[in-house]
Amino acid sequence: MGVSENLKRGVTELVLLSLLAQRDMYGYEMSQELQTRSGGKFILQESSMYPTLYRLEDKGYITVTKQQVGRRRTRMYYHLEPSGQDYLQSSVAEYLAMQEGIRAILTSCGMNEVEPV
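As the structure is a prediction and not an experimental result, all values here were calculated from the model.

(A) Spotlight on the overall build of the chain. Helix and strand counts for the chain stand at 4 helices and 3 strands. Listing the helices and strands of the chain from first to last along the sequence gives α-β-α-α-β-β-α. A principal-axis box enclosing the C-alpha atoms of the chain has dimensions of 60 × 30 × 30 Å. For the chain, the accessible surface area stands at approximately 8200 Å², while carbon and sulfur atoms represent 53% of it. Each charge class in the chain can be summarised by its mean position, and for the 13 positive and 14 negative side chains these summaries are 10 Å apart.

(B) The nonpolar core, seen in detail. Counting 18 residues, the largest nonpolar core has L16, L20, M30, L53 and I62 as the members making the most contacts within it. For this core, the elements supplying multiple residues, two or more each, are helix 1 (3-20), helix 2 (27-37), helix 3 (46-58) and strand 3 (73-80). Of all the elements, helix 1 adds the most residues to this core, at 6 residues. I62 has contacts with L17, L20, L53, L56, E57, Y78, H79, L80 and E81, leaving out every residue within four places of it along the chain.

(C) Spotlight on helix 3. In a regular helix each residue adds 1.5 Å, so 13 residues correspond to 18 Å; helix 3 covers 18 Å between its end C-alpha atoms and thus fits that length. Within helix 3, burial applies to M49, T52, L53 and L56. With its buried residues spanning 100 degrees around the axis, helix 3 presents them on a single face. The exposed residues of helix 3 that point more than 90 degrees off its buried face are S47 and D58. Phi for G60, located one or two positions after helix 3, is positive at around 85 degrees.

(D) Spatial organisation of the side chain of T52. Within the secondary structure layout, T52 lies in helix 3. Relative accessible area serves as the criterion here: at 4%, T52 is assigned to the buried category. Each residue touching T52, except ones within four places of it in the same chain, is listed here: T12, E13 and L16.

Here is what the cut-offs are and how they apply
- Residues numbered from 1 in each chain as written.
- Predicted model: local features only at pLDDT ≥ 70, side-chain atom pairs only at ≥ 80, totals over all residues.
- Heavy atoms only, no water.
- Helix = DSSP H or I, 4+ residues; strand = E, 2+ residues; numbered from the N terminus.
- Areas by Shrake-Rupley, 256 points an atom, 1.4 Å probe, with all protein chains shown as cover.
- Lys, Arg positive; Asp, Glu negative; His and termini not counted.
- Charge placed at Lys NZ, Arg CZ, Asp CG, Glu CD.
- Core = buried A, V, L, I, M, F, W, Y, C linked by side-chain atoms within 4.5 Å.
- Buried < 20%, exposed > 50% of the residue type's maximum accessible area, 1.4 Å probe, protein only.
- Contact = heavy atoms within 4.5 Å.
- Expected span 1.5 Å × (residues − 1).
- Arc of directions from axis to C-beta.

Structure follows, in structure tokens:
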């Protein structure tokens, strides 16, 4: 797996856990929140989100509860467990340190004038 795939996987875990640190949510709600909060710049497809949620559940970082919605529908609500909170904290620290290092490299190469897409 290449760097971009590892980075994408790590960022996806980071943003999903960050949302769950605020409150329990179901999948579609999380994807909409990510899109809204990022100003439309972070769009998470179901094909990426659900495997990540399953992996986080397998690691014990989140748990899932079924909740009846209406007469026939159920929603799967995801909940952040204490071990997931610990993992989130260490992931945020690692991400911010890496971001700071990359920013320093780009700035030293004269790339600090580039506008974000």
